[in-house]
Amino acid sequence: MSMNPVGRPTRPEVAATNDSVHPTLTGGRGLLQDEPLIFELGGWDKTGVDLPEAGGDTSVLGDLVRAEPIGLPGLSEPEAMRHYVRLSQKNHAIDLALYPLGSCTMKHNPRLNEKAARYPGFSDIHPLQPQSTVQGALELMDRLAHWLKTLTGMPAVALSPKAGAHGELCGLLAIRAAHEAKVAREGGARRTTVLTPTSAHGTNPATAAFVGYQVQEIAQTADGRVDLADLEAKLGPHVAAIMVTNPNTCGLFERDILEIARLTHAVGAYFYCDGANFNAIVGRVRPGDLGVDAMHINLHKTFSTPHGGGGPGAGPVVLSQALAPFAPVPWVVHGADGLQLLEQPEGEAADAFGRMCAFHGQMGMFVRAYAYMLSHGADGLRQAAEDAVLNANYVKARLSDVMTAAFPDGPCMHEALFDDRWLEGTGVTTLDFAKAMIDEGFHPMTMYFPLVVHGAMLIEPTETEPKHELDRFTDTLRVLAEAAKAGEVERFKGAPYHAPLRRLDETAAARKPRLRWTPPPAHAIAAE
Ligand SMILES: *Cc1c(COP(=O)(O)O)cnc(C)c1O
């Protein structure tokens, strides 16, 4: 029996409390097939392609030429197809069902975006191609930049960062460059510190530390907002920036955002806004009007481009007038010969702090995000934000009598946050509850984040879920919550019973991944 380090079975067929489920001969579950590793499929002497014999040995590698076979398994095309389709079925996807991971914004990825991203003029071009041959792609980048600036009310944008966290790095490097330029100009002491609220996403303090700043926490009020008095006490001439999310990671709008910006600017610090939650306010509020100096936009959240297992992200950063000169190259300019990428830190870009990556960023994501913007229009984007907030409030309202809302007073924004007070004395934890959701076919919500809320469960339904799906989801959670309170502990402790694998030691899997497959010893095979 395969057990994990905390003594729970990892294989579905050995579910101790589930006697009615017979182990299957194949390891499959109904029409869901079990699947060994590709190396275990044993296709060492096969290949799926028919290549002509290589003509003559023209290698110049001398004695570096490989003497042994490389050791890649060979599969026929149908075998390869089945292998990867079966593997894909073991994972969850937004195309399968609701994906309520709070903070992650797992919304539907419209197929129109995918179609646009595959146009050869966008997908078959190379970053080193002469710019005169990629004018359409440059125009798309220019227009995307225009709408990102318009939607945020900010004068400049750096498109190249490749994720939210990469955008944070870009924003803080611009802030550091602006402070350094001021010290070079006027003298004075270097600023050393970045302030982040206790509820901040982990990437915020990590980014600040990576850039070389000390991180200091700002306390939170009982109703989940930045504690203004504490902020004011910690601000001073040593503070380079604050990093605040709005709506914050508790799913709440920072009511005092204008005052936060005023206090920050009064000490000469910059206001970095973590824009991962922009999807809750796009079309309603412009961060530029709130006094924000830099903000990354996760195109893969707000503008529906795939992420997680679905593809790379993109984290463009909008910048205020004060920070715009320090933006990293490249950016698109209108030249005499059409559009051009300004690549060198000279002329208009003389103060650029450098560059974030080799080329210009994630072209495929730019296309998808732009397609999403155009297909929605201004009214559609605003409605997407409003519906995301409506859906989260519906979830909050439907669950608040059986679970404990972390901040029960007033509406939430785009995500509903619960704590684990309602589980007290049941013997069931947030983790157990989340695992039981898997048995019901739902991906768990974000657990144990934000850290300020005990046993947090952060649910972000997004605007793309219809009411009947939200009902199915909340009905299921209600029944599970009642079961936990009624003492059905084993249902939770042993969960998931029905998943392809059961409780795994996820920390060990991440910290000590086994990346090399070695064939089992011959005697082990003989004994089977
Ligand atoms: C997702 C997220 C980030 C990081 O974005 P990545 O694209 O995953 O790097 C930062 N802050 C918040 C609040 C987020 O939700």
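Procedures and definitions
- Residues numbered from 1 in each chain as written.
- Predicted model: local features only at pLDDT ≥ 70, side-chain atom pairs only at ≥ 80, totals over all residues.
- Heavy atoms only, no water.
- Helix = DSSP H or I, 4+ residues; strand = E, 2+ residues; numbered from the N terminus.
- Rg over C-alpha atoms; globule rule 2.2 N^0.38 Å.
- Buried < 20%, exposed > 50% of the residue type's maximum accessible area, 1.4 Å probe, protein only.
- Contact = heavy atoms within 4.5 Å.
- Areas by Shrake-Rupley, 256 points an atom, 1.4 Å probe, with all protein chains shown as cover.
- Lys, Arg positive; Asp, Glu negative; His and termini not counted.
- Charge placed at Lys NZ, Arg CZ, Asp CG, Glu CD.
- Near = heavy atom within 4 Å.
- Polar contact = N/O pair within 3.5 Å; in protein donor to acceptor, adjacent residues only side chain to side chain.
- Nonpolar A, V, L, I, M, F, W, Y, C, P; charged D, E, K, R; others polar.
- Pairing = 2+ DSSP bridges.
- Disulfide = S-S within 2.5 Å.
- Axes fitted to C-alpha atoms, helices over the stretch in contact; angles between N-to-C directions.
- Parallel < 35°, antiparallel > 145°, perpendicular 65-115°, else oblique.
- Left-handed = near helix turned anticlockwise from the far one by under 90°.
- Phe/Tyr/Trp six-rings, centres within 6.5 Å; stacked < 30°, edge-to-face > 60°.
- Core = buried A, V, L, I, M, F, W, Y, C linked by side-chain atoms within 4.5 Å.

1. Looking at the overall build of the protein chain
Okay, step 1: Looking only at helices and strands, the protein chain features 15 helices and 13 strands.
Okay, step 2: Expected size for 528 residues packed as a compact globule is a radius of gyration near 24 Å; at 26 Å, the protein chain falls within 12% of this value.
Okay, step 3: Projected onto the principal axes, the alpha-carbon positions of the protein chain cover approximately 80 × 75 × 45 Å.
Okay, step 4: Considering the protein chain as a whole, with its 528 residues, one finds that 47% of them fall into the buried category.
Okay, step 5: Look at the contacts in the protein chain between residues 6 or more apart in sequence, and 69% of them connect residues 24 or more apart.
Okay, step 6: Taken as a whole, the protein chain presents about 26,200 Å² of accessible surface, with 56% of it coming from carbon and sulfur.
Okay, step 7: In the protein chain, 46 positive and 61 negative side-chain charges are present, and the distance between their average locations comes to 2 Å.

2. Looking at the site of the ligand
Okay, step 1: Around the ligand, the neighbouring residues are Ser103, Ala163, Gly164, Ala165, Glu168, His201, Thr203, Asp274, Ala276, Asn298, His300 and Lys301.
Okay, step 2: Within the backbone of Ala165, an N or O atom sits 2.8 Å from an oxygen atom of the ligand.
Okay, step 3: One nitrogen or oxygen atom from the side chain of Asp274 is found 2.5 Å from a nitrogen atom belonging to the ligand.
Okay, step 4: For the ligand, whose unbound accessible area comes to 380 Å², protein coverage reaches 85%.
Okay, step 5: Residue assignment for the shell around the ligand shows that the elements contributing at least two residues are helix H5 (164-186) and helix H9 (299-302).
Okay, step 6: Counting residues per element, the shell around the ligand draws most heavily on H5, at 3 residues.
Okay, step 7: Looking at side-chain class alone, the shell around the ligand contains 3 nonpolar, 6 polar and 3 charged residues.

3. Observations regarding the pairing of strand S11 (residues 416-419)
Okay, step 1: On S11, burial covers both faces: Ala416 and Phe418 on one face and Leu417 and Asp419 on the other are all buried.
Okay, step 2: Note that S11 and strand S13 (residues 457-459) share 3 bridges and pair antiparallel. The partner of Ala416 across the bridge, within S13, is Ile459.

4. Focus on the pairing of strand S9 (residues 338-342)
Okay, step 1: Alignment of strand S8 (residues 331-335) against S9, held across 5 bridges, turns out to be antiparallel. Counterpart to Gly335 in the pairing with S9 is Gly338.
Okay, step 2: In this structure, the hairpin formed by S8 and S9 is closed by a connection of 2 residues.

5. Structural notes on the state of the cysteines
Okay, step 1: Throughout the structure, instances matching the rule amount to 0 disulfides.
Okay, step 2: Here Cys250 is not disulfide-linked; the sulfur of Cys412 is the nearest cysteine sulfur, at 11 Å.
Okay, step 3: Using a relative accessible area of 2% as the deciding quantity, one classes Cys250 as buried.
Okay, step 4: No disulfide involves Cys273; its sulfur sits 15 Å from that of Cys250, the nearest cysteine.

6. Describing unusual backbone geometry
Okay, step 1: Cis geometry marks the peptide bond from Asn246 to Pro247; its omega dihedral reads -5 degrees.
Okay, step 2: Looking at where Pro247 falls in the secondary structure, it is placed in the loop between strand S4 (239-245) and helix H8 (257-266).
Okay, step 3: The omega torsion across Val329 and Pro330 is 0 degrees, close enough to zero to call that bond cis.
Okay, step 4: Mapped onto the elements of the fold, Pro330 is located in the loop between strand S7 (317-319) and S8.
Okay, step 5: Positive phi outside glycine occurs at Ser103, with the angle close to 80 degrees.
Okay, step 6: Looking at where Ser103 falls in the secondary structure, it is placed in the loop between helix H1 (77-89) and helix H2 (111-117).
Okay, step 7: Under the relative-accessibility criterion, Ser103 is labelled buried at 7%.

7. Topic: the side chain of Ser199
Okay, step 1: Residue position: Ser199 is located in the loop between strand S2 (193-197) and helix H6 (203-210).
Okay, step 2: Setting aside residues no more than four positions away along its own chain, Ser199 makes contact with Gln220, Thr249, Cys250, Phe449, Pro450 and Val452.

8. Remarks on the packing of helix H11 (residues 430-439) against helix H12 (residues 467-485)
Okay, step 1: Contact geometry for H11 and H12: axes closest at 11 Å, N-to-C directions at 130 degrees. Regarding the angle of H11 to H12, the classification is oblique. Crossing of H11 against H12: the hand is right-handed. Taken together, the residues of H12 that come into contact with H11 (itself represented by Phe433, Ala436 and Met437) are Phe473, Leu477, Leu480 and Ala481.
Okay, step 2: For the contact of H11 with H12, the residue count by class is 7 nonpolar, no polar and no charged.

9. Structural notes on the sheet that holds S7
Sheet strands pair by backbone hydrogen bonding; their relative direction is either parallel or antiparallel.
Okay, step 1: One open sheet holds the 7 strands; their spatial order is S1-S7-S6-S5-S4-S2-S3, and the pairing between them is mixed. At either end of the open sheet lies a strand with only one pairing partner, and these are strand S1 (156-158) and strand S3 (214-218). On average, adjacent strands in this sheet sit at an angle of 25 degrees to one another, irrespective of strand direction.
Okay, step 2: With 5 bridges connecting them, S4 and strand S5 (residues 270-274) associate as parallel partners. When the sheet's bridge partners are listed, Thr245 is paired in S5 with Asp274.
Okay, step 3: In the packing of helix H4 (residues 135-152) onto the sheet, contacts are made with S1, strand S6 (294-296) and S7, and the angle to S1 comes to roughly 125 degrees.

10. Considering the packing of aromatic side chains
Okay, step 1: In the structure shown here, the tally under the stated rule is 5 aromatic pairs.
Okay, step 2: Taking the centre distance of 6.3 Å and the plane angle of 75 degrees together, the rings of Phe303 and Tyr372 count as edge-to-face. Remark: Tyr372 occurs in helix H10 (residues 363-399) and Phe303 occurs in the loop between H9 and S7; sequence separation between them is 69 residues.
Okay, step 3: On the basis of relative accessibility, which here comes to 3%, the residue Tyr372 falls in the buried class.
Okay, step 4: Judged by centre distance (6.1 Å) and plane angle (10 degrees), the rings of Phe433 and Phe492 are stacked. Of the two residues, Phe433 sits in helix H11 while Phe492 sits in helix H13 (residues 489-493), which places them 59 residues apart along the sequence. Each member of the pair Phe433 and Phe492 is classed as buried.
Okay, step 5: Site record: aromatic cluster; members linked through ring pairs are Trp422, Phe433 and Phe492.

11. Focus on the nonpolar core
Okay, step 1: Counting residues in hydrophobic clusters, the biggest one holds 59 residues, and the most contacted among them are Leu144, Leu148, Leu231, Leu299, Phe303 and Phe366.
Okay, step 2: Residue assignment for this core shows that the elements contributing at least two residues are H2, H4, S4, H8, S5, S9 and H10.
Okay, step 3: With 13 residues, the single largest contributor to this core is H10.
Okay, step 4: For Phe303, the residues in contact, after removing those within four places along its chain, are Asn113, Leu148, Leu151, Phe278, Val282, Ile297, Asn298, Arg368, Ala369, Tyr372, Met373 and Leu381.
Okay, step 5: By size, the runner-up hydrophobic cluster in this structure holds 33 residues, among which are Ala158, Met243, Leu319 and Ala352.

12. Re the environment of Gly311
Okay, step 1: One can find Gly311 in the loop between H9 and S7.
Okay, step 2: Each C-alpha atom, one on Gly311 and one on Glu217, is 33 Å from the other, the two residues being 94 residues apart in sequence.

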